[in-house]
Structures are given as C-alpha cells and as structure tokens.
Amino acid sequence: MKGTVNLRPVYTQEGTEAAERQRRVIEELKQDPTRPSSYYLSTMGCQMNARDSEKLRGILEEIGAVETTEEQADLVIYNTCCVRENAEQKVFGRLGVLK
C-alpha cells in the first residue's frame, strides 16, 4: 500500500548480538550462588535513567533478586545522570549514609 509505515522495530546485527550476550549473562547469573538475593535501586536524573532502571529491575528480578530497602539490600544501585549535577551530588550524599 502506498503511504503505509512499518512500525515494527528494525534490529541490527549489533543489537541482536547485544541481546544474546545479555541473555547469556542472565543465565549465568541465575546459576551463580553468590548472586545478590535482594537489591535496592534508586533513580536520579533524566527520563533515560528511569528507562535504564526499568531494564535493571527486570534483569535483577529475572535472576531471582527481590527489591528491598536500602539498608537490607545485598546490592545497592544508584542510577544517576552525570549531566545533571544535582542528581550526581545526591548520590555522593547517599554513599556517606551506606558506610
């Protein structure tokens, strides 16, 4: 049809290879007895950080980790934006609390 637009994503070889590497890493982590069983994920900064945190949360849950409080987590992730200085400064402040 003239004038139609294909909205399906186009996957490049590089994207396919990256996805396959990610699947392999997830499978390896599932078998690793030292993997974190709990995590805390804090997102500061731009919308891209929010999307990245969604991806991280999905991976962590896929390997069996459960989200918990910052104080109880085996793994603490501060996902921030180096472009927005205020977000970066918040992370440095939080690091002092974890000591």
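Whatever comes next refers back to the structure up there.
Residues numbered from 1 in each chain as written. Predicted model: local features only at pLDDT ≥ 70, side-chain atom pairs only at ≥ 80, totals over all residues. Heavy atoms only, no water.

Participant: Please explain the sheet that holds strand 3 (residues 75-79) as it appears in this structure.
Facilitator: Across the sheet, three strands lie side by side as 2-1-3; this open sheet has parallel pairing. Only two strands of the sheet have a single neighbouring strand rather than two, namely strand 2 (66-67) and strand 3. Here strand 1 (residues 38-43) pairs with strand 2 via two bridges, running parallel. Within strand 2, the residue paired with Tyr39 across the bridge is Glu67. (Pairing = 2+ DSSP bridges. Helix = DSSP H or I, 4+ residues; strand = E, 2+ residues; numbered from the N terminus.)

Participant: Quick question: what am I supposed to make of the environment of Thr34 here?
Facilitator: Its place among the elements puts Thr34 in the loop between helix 1 (13-31) and strand 1. We classify Thr34 as exposed; its relative accessible area is 67%. Within the local environment of Thr34, its side chain forms a polar contact with the side chain of Asp32, the two groups lying 2.7 Å apart. (Buried < 20%, exposed > 50% of the residue type's maximum accessible area, 1.4 Å probe, protein only. Polar contact = N/O pair within 3.5 Å; in protein donor to acceptor, adjacent residues only side chain to side chain.)

Participant: In this structure, what is going on with the nonpolar core? I would like to understand it.
Facilitator: Core analysis: the largest hydrophobic core is formed by seven residues, namely Ile26, Tyr39, Leu41, Leu60, Ile63, Ala65 and Ile77. Contact partners of Ile63, with chain neighbours within four places excluded, come to Ile26, Leu29, Lys30 and Arg35. (Core = buried A, V, L, I, M, F, W, Y, C linked by side-chain atoms within 4.5 Å. Contact = heavy atoms within 4.5 Å.)

Participant: Before we go on, may I ask you to explain a nonpolar patch on the surface in this structure?
Facilitator: A cluster of nonpolar side chains, Phe92, Leu95 and Leu98, forms an exposed patch at the surface whose accessible area comes to about 270 Å². Inspection of the secondary structure assignment puts Phe92 in helix 3 (residues 85-98). (Patch = residues over 30% accessible without salt bridge, like charges linked within 9 Å, V, L, I, M, F, W, Y side chains within 5 Å. Areas by Shrake-Rupley, 256 points an atom, 1.4 Å probe, with all protein chains shown as cover. Salt bridge = Lys/Arg side-chain N within 4 Å of Asp/Glu carboxyl O.)

Participant: Just to check I follow, could you spell out the environment of Arg94 for this structure?
Facilitator: By secondary structure assignment, the location of Arg94 is in helix 3. Separated by 16 residues in the primary sequence, Arg94 and Tyr78 have C-alpha atoms spaced 8.8 Å apart.

Participant: I'm lost on helix 2 (residues 47-62) in this one. Help?
Facilitator: For an α-helix the count is 3.6 residues per turn, leaving residues at separations of three or four pointing the same way. If you check helix 2, its first and last C-alpha atoms are 23 Å apart, about what 16 residues at 1.5 Å a residue would give, namely 22 Å. Within helix 2, burial applies to Asn49, Ser53 and Leu60. Seen from one end, helix 2 has its buried residues packed into an arc of 40 degrees, which puts them on one side. Pointing more than 90 degrees away from the buried face of helix 2 are the exposed residues Gln47 and Met48. (Expected span 1.5 Å × (residues − 1). Arc of directions from axis to C-beta.)

Participant: What is the right way to look at the side chain of Ser42 in this model?
Facilitator: Topologically, Ser42 is positioned in strand 1. Residues contacting Ser42, with those up to four places away along its chain left out, are Ile77, Tyr78 and Asn79.

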